[in-house]
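Okay, here's what each chain looks like letter by letter:
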Amino acid sequence: MRAIVNRMNRAIGHLEATKRMVENDEDCSKVLIQLAAVKSAVNNIGKELLKEHLSHCIVDAVEDGDEHALEALNTAIDQFMK
């Protein structure tokens with residue numbers, strides 16, 4: 001989980017830098033490019049978190065027959081993919 005937190009910290013820093021670009025009235029096309037990078041970083045964090053969740057929590061849930069955990073995962077994936 002530490003790697004995911006590190007990725008989050010980098011994405012937060014990148015978003016803060018992008019905010020400063022807006023505050024400094026920098027070129028909108030450059031800001032949009034930076035926002036795309038932030039969006040990609042957040043999506044990649046989600047993918048890594050999903051992989052981590054699948055390899056640990058969901059494996060355990062399947063072994064234990066925990067249908068609720070699988071339903072919760074499906075709901076979370078639906079929300080993430082919107």
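The structure displayed is predicted, hence computed values, not measured ones. (Residues numbered from 1 in each chain as written. Predicted model: local features only at pLDDT ≥ 70, side-chain atom pairs only at ≥ 80, totals over all residues. Heavy atoms only, no water.)

Asks: Sorry, what's going on with the side chain of T18 here?
Replies: With respect to the helices, strands and loops of the structure, T18 is situated in helix α1 (residues 2-23). Among the residues examined, T18 registers a relative accessible area of 3% and is labelled buried. Only 2.9 Å separates the side chain of T18 from the backbone oxygen of H14, close enough to count as a polar contact. Sequence-distant contacts of T18, that is, excluding residues within four places in its chain, are made with V31, Q34, L35 and V38. (Helix = DSSP H or I, 4+ residues; strand = E, 2+ residues; numbered from the N terminus. Buried < 20%, exposed > 50% of the residue type's maximum accessible area, 1.4 Å probe, protein only. Polar contact = N/O pair within 3.5 Å; in protein donor to acceptor, adjacent residues only side chain to side chain. Contact = heavy atoms within 4.5 Å.)

Asks: How should I be thinking about the pattern of salt bridges in this particular structure?
Replies: Opposite charge on two side chains makes pairing possible when the charged atoms of those side chains draw close. Applying the stated rule across the entire model yields 2 salt bridges. Notably, a salt bridge pairs E23 with K19, separated by 3.9 Å at the nearest N-O pair. Separated by 4 residues within a single helix, E23 and K19 lie in helix α1, roughly one turn from each other. When sorted by exposure, E23 lands in the same class as K19, which is exposed. (Salt bridge = Lys/Arg side-chain N within 4 Å of Asp/Glu carboxyl O.)

These values are about where atoms sit, not about what they do.
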